[in-house]
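An overview of the molecular structure
So the chains spell out like this:
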Amino acid sequence: MKKIMISIWIALFLLTGCGALDGESGYRRISMEEAVVMMEEESGYIILDVRTPEEFGEKHIPGAVNIPNETIGTEEIPDLPDKEQLILVYCRSGNRSKQASEKLADLGYTNIVEFGGINDWEGETTSES
């Protein structure tokens, strides 16, 4: 009986471990509302806008850093030296921010939070660089 229980326990552990890895994105997705709260409560984070420089120049969240999704690849990113820093990622509608978040996770960044697009942002924006 004891061997059966141990076997079941090991099987459950292995299945759970595989399930956690399967489809794991390496970043968290949160709502715009959750992002606003996080920005109010946290400190030392980076807001990362992954749209084009032209889109960024038209309007962006104050204090955001612009690194276009298309430029994120396999090379280190000098503007993001701390791979453990909280990085809040957005784009226009949410597609590029998901792509960029996945690429950042693949580069070893461990605290990536994707919150969609500026189209849904109700807070302050600026057109200053």
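What comes next is a walk through the structure.

What counts as what
- Residues numbered from 1 in each chain as written.
- Predicted model: local features only at pLDDT ≥ 70, side-chain atom pairs only at ≥ 80, totals over all residues.
- Heavy atoms only, no water.
- Helix = DSSP H or I, 4+ residues; strand = E, 2+ residues; numbered from the N terminus.
- Expected span 1.5 Å × (residues − 1).
- Buried < 20%, exposed > 50% of the residue type's maximum accessible area, 1.4 Å probe, protein only.
- Arc of directions from axis to C-beta.
- Salt bridge = Lys/Arg side-chain N within 4 Å of Asp/Glu carboxyl O.
- Polar contact = N/O pair within 3.5 Å; in protein donor to acceptor, adjacent residues only side chain to side chain.

**Examining helix 4 (residues 95-106)**
Helix length check: helix 4 (12 residues) gives 17 Å between terminal C-alpha atoms against 16 Å at 1.5 Å per residue, within 8%. For helix 4, every residue scored as buried is listed here: R96, S97, A100, S101, L104 and A105. Mapping the buried residues of helix 4 onto a view down its axis gives an arc of 170°, with all of them on the same face. Away from its buried face by more than 90 degrees, helix 4 exposes N95 and D106. Positive phi shows up at G108, right after helix 4, with a value of about 105°.

**Describing the pattern of salt bridges**
Taken as a whole and judged by the stated rule, the model has 4 salt bridges. Of the charged contacts in the structure, one is a salt bridge between R29 and E114, with a shortest N-O distance of 3.3 Å. With R29 in strand 1 (residues 28-29) and E114 in strand 5 (residues 112-117), this pair connects stretches of sequence that are 85 residues apart. Look at E114 and you get buried, because its relative accessible area is 2%. A salt bridge links E55 to R96; the nearest nitrogen and oxygen atoms lie 2.8 Å apart.

**What to know about the environment of E76**
Within the secondary structure, E76 is located in the loop between strand 3 (65-66) and strand 4 (87-91). Note on E76: relative accessible area 55%, which makes it exposed. Sequence-wise, E76 and L107 are 31 residues apart; in three dimensions their C-alpha atoms are separated by 7.5 Å. Among the polar contacts listed, one links the side chain of E76 to the side chain of K83, at a separation of 3.2 Å.

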